[in-house]
Amino acid sequence: MKSAKPTTIRVTLHQEKDGTYWADSPDAAGCFTVGNTIDATLANMQDAIRTHFELSAKAPIQIEPTVSAKLTLS
């Protein structure tokens, strides 16, 4: 089953204290990028999202993180 690339992808842009930026997307889990300017960050994000969906289409494997622990009380 191929993963269809959405036509609109939401991106959240964040500014760091040093003036640089980073972006992520709730529509592409794990996809993020950084940049020195807003334009550079958004251009980097376009490339990251394109790659994210190209790789997803080739190997549509979804990994869900799990946390487990064994606790012994004495």
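To start, this report covers the structure provided alongside it. Just so it is clear, the structure is predicted and the values come from calculations on it, not from any experiment.

Turning next to a nonpolar patch on the surface. A cluster of nonpolar side chains, namely Val11, Leu13, Ile38 and Leu42, defines an oily patch on the protein surface of about 280 Å² accessible area. Counting through the fold element by element, leucine 13 comes out in strand 1 (residues 12-15).

Next up on the list: the pattern of salt bridges. Enumeration over the complete set of coordinates arrives at 2 salt bridges. In this structure, the salt-bridge partner of arginine 10 is aspartate 27, at a minimum N-O distance of 2.7 Å. Note that arginine 10 is positioned in the segment before strand 1 and aspartate 27 in the loop between strand 2 (21-24) and strand 3 (32-35), a separation of 17 residues in sequence. The exposure class assigned to aspartate 27 is partly exposed, which follows from its relative accessible area of 27%. Between arginine 50 and aspartate 47 there is a salt bridge whose closest N-O contact spans 3.0 Å. Taken as a pair, arginine 50 and aspartate 47 lie in helix 1 (residues 38-58) at a separation of 3 residues, close to a single helical turn. Overall, arginine 50 belongs to the partly exposed group, its relative accessible area being 38%.

Basis of the calculations
Residues numbered from 1 in each chain as written. Predicted model: local features only at pLDDT ≥ 70, side-chain atom pairs only at ≥ 80, totals over all residues. Heavy atoms only, no water. Patch = residues over 30% accessible without salt bridge, like charges linked within 9 Å, V, L, I, M, F, W, Y side chains within 5 Å. Areas by Shrake-Rupley, 256 points an atom, 1.4 Å probe, with all protein chains shown as cover. Salt bridge = Lys/Arg side-chain N within 4 Å of Asp/Glu carboxyl O. Helix = DSSP H or I, 4+ residues; strand = E, 2+ residues; numbered from the N terminus. Buried < 20%, exposed > 50% of the residue type's maximum accessible area, 1.4 Å probe, protein only.

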